Amino acid sequence: MKIKEVIAALELVAPLPLQEDYDNAGLQVGLTEAEVSGALLCLDVTEAVVAEAAELGCNLIVAHHPLIFHRLSQVTNADYVQRCVMQAIRQGITIVAMHTNLDNARGGVNFKMAERMGLHGAHFLAPKVVGSIEGGSGLIGQLAAPLSATEFIKTVKEQFGVACVMTNELLQRPIQSVALCGGAGSFLLSDAIAAGADAFITGEMHYHEYFGHEQEIQICVIGHYESEQFTQQLLQEILKRECPEVKTYITTVRTNPIHYYQS
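The notes below deal with the structure included here. Just so it is clear, the structure is predicted and the values come from calculations on it, not from any experiment.

## What to know about the sheet that holds strand β9 (residues 199–202)
Consideration 1: Overall, mixed pairing links the 6 strands, which are arranged β5-β6-β8-β9-β10-β7 in an open sheet. The two strands at the open ends of the sheet, each matched to only one other strand, are β5 (120–130) and β7 (166–167).
Consideration 2: With 4 bridges joining them, strand β8 (residues 175–181) and β9 adopt parallel strand pairing. In the strand pairing of β9, Val178 is matched with Ala199.
Consideration 3: Relative to the sheet, helix α6 (residues 149–160) contacts β6 (133–147), β7, β8, β9 and β10 (218–221), its axis offset from that of β6 by approximately 125°.

Spelled out as structure tokens, the structure:
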């Protein structure tokens with residue numbers, strides 16, 4: 001199977017028109033006519049990830065976050081992005097990113113988060129149609145049974161494997177309707193409130209965005225990487241279903257640039 005056929009299969013599930021205007025999803029580096037020797041799946045492309053792909057004999061890296069997000073005016077060894085580009089070209093490795101197109105696709109990143117939380121009836125929080133393609137930002141669904149704020153936050157910690165959750169004041173009513181958005185999803189907080197969500201889970205929010213929502217909604221911020229970490233498994237599920245002959249590997253490199261220290 002050729003690399004271009006794998007990319008086409010991925011884009012059938014997460015069409016590029018669904019990506020946000022600011023994004024740069026799709027083909028990042030390399031040629032697509034070669035046969036796939038293996039695909040390494042990751043959240044971020046780093047030099048260690050490119051080296052791992054080479055060691056595994058993979059000539060394709062499928063990432064969630066684009067390696068090339070801003071236009072490159074040169075390709076030198078000045079920063080990790082440029083070094084990754086040079087390293088990938090030297091090794092004959094093609095890099096493709098499935099970013100906000102996979103965030104906004106049915107069955108995409110947010111649906112994987114909803115699956116972790118056991119939400120029923122999950123549907124787009126902010127639906128949109130691009131051409132004839134249905135998609136949307138964020139999701140809202142229902143827990144099987146209502147939970148107290150303390151029980152809910154404990155569940156979030158367990159399901160996403162995080163040591164802590166940043167929240168606002170604990171809600172004094174049961175939580176059952178849950179909205180969520182992977183990554184930087186604070187732009188959907190007002191949509192979650194308007195939809196009647198009891199809680200909103202996302203990866204990151206600004207300080208002042210926590211104000212003014214006491215007893216209105218339970219905000220749960222778990223970290224950008226942590227909210228999207230299962231995207232690698234999602235990509236593997238898609239490729240095993242759409243391209244079963246392609247060998248896939250999930251990176252062993254933890255690419256989260258944020259480290260948490262506890263005394």
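## Points about the packing of aromatic side chains
Consideration 1: Taken as a whole and assessed by the stated rule, the structure comprises 4 aromatic pairs.
Consideration 2: Between Phe160 and Phe230 the ring centres are 6.2 Å apart and the planes differ by 50°, which places this aromatic pair in the tilted class. Of this pair, Phe160 sits in helix α6 while Phe230 is found in the loop between α8 (224–228) and α9 (231–242), placing the two residues 70 residues apart along the sequence. Across the pair, Phe230 and Phe160 agree in class, each one buried.
Consideration 3: A cation over an aromatic ring shows up here: Arg116 above the ring of Phe230, its NZ or CZ 4.1 Å from the ring centre.

## Side note on helix α1 (residues 3–13)
Consideration 1: Of all the positions in α1, only Ile3, Val6, Ile7, Ala9, Leu10 and Val13 are classed as buried. Along the axis of α1, the buried positions cluster into a sector of 160°, meaning they face one direction only.
Consideration 2: Next to the buried residues of α1 lie β1 (26–29), β3 (60–63), β4 (94–97) and α9.

## Structural notes on the packing of helix α5 (residues 109–117) against α6
Consideration 1: Where α5 contacts α6, the two axes come as close as 9 Å, and the packing angle between them is 120°. Where α5 crosses over α6, the two elements pack in a sense that is right-handed. Contacts from Met113, Arg116 and Met117 in α5 reach Phe152, Thr155, Val156, Gln159 and Phe160 in α6.
Consideration 2: Within the contact of α5 with α6, the residues separate by chemical class into 5 nonpolar, 2 polar and 1 charged.

## Let's talk about unusual backbone geometry
Consideration 1: A positive phi angle is found at Gln215, which is not glycine, with a value near 65°.
Consideration 2: Relative to the helices and strands, Gln215 is located in the loop between β9 and β10.

## Focus: the pattern of salt bridges
Consideration 1: Counting across every chain of the model gives 10 salt bridges.
Consideration 2: Between Glu33 and Lys2 there is a salt bridge, with its nearest N and O atoms 3.1 Å apart. With Glu33 in the loop between β1 and β2 (39–42) and Lys2 in the segment before α1, this residue pair connects regions lying 31 residues apart in the sequence.
Consideration 3: Residue classification places Lys2 among the partly exposed residues on the basis of a relative accessible area of 32%.

Rules used throughout
- Residues numbered from 1 in each chain as written.
- Predicted model: local features only at pLDDT ≥ 70, side-chain atom pairs only at ≥ 80, totals over all residues.
- Heavy atoms only, no water.
- Pairing = 2+ DSSP bridges.
- Helix = DSSP H or I, 4+ residues; strand = E, 2+ residues; numbered from the N terminus.
- Contact = heavy atoms within 4.5 Å.
- Axes fitted to C-alpha atoms, helices over the stretch in contact; angles between N-to-C directions.
- Phe/Tyr/Trp six-rings, centres within 6.5 Å; stacked < 30°, edge-to-face > 60°.
- Buried < 20%, exposed > 50% of the residue type's maximum accessible area, 1.4 Å probe, protein only.
- Lys NZ or Arg CZ within 6 Å of the ring centre and 35° of its normal.
- Arc of directions from axis to C-beta.
- Left-handed = near helix turned anticlockwise from the far one by under 90°.
- Nonpolar A, V, L, I, M, F, W, Y, C, P; charged D, E, K, R; others polar.
- Salt bridge = Lys/Arg side-chain N within 4 Å of Asp/Glu carboxyl O.

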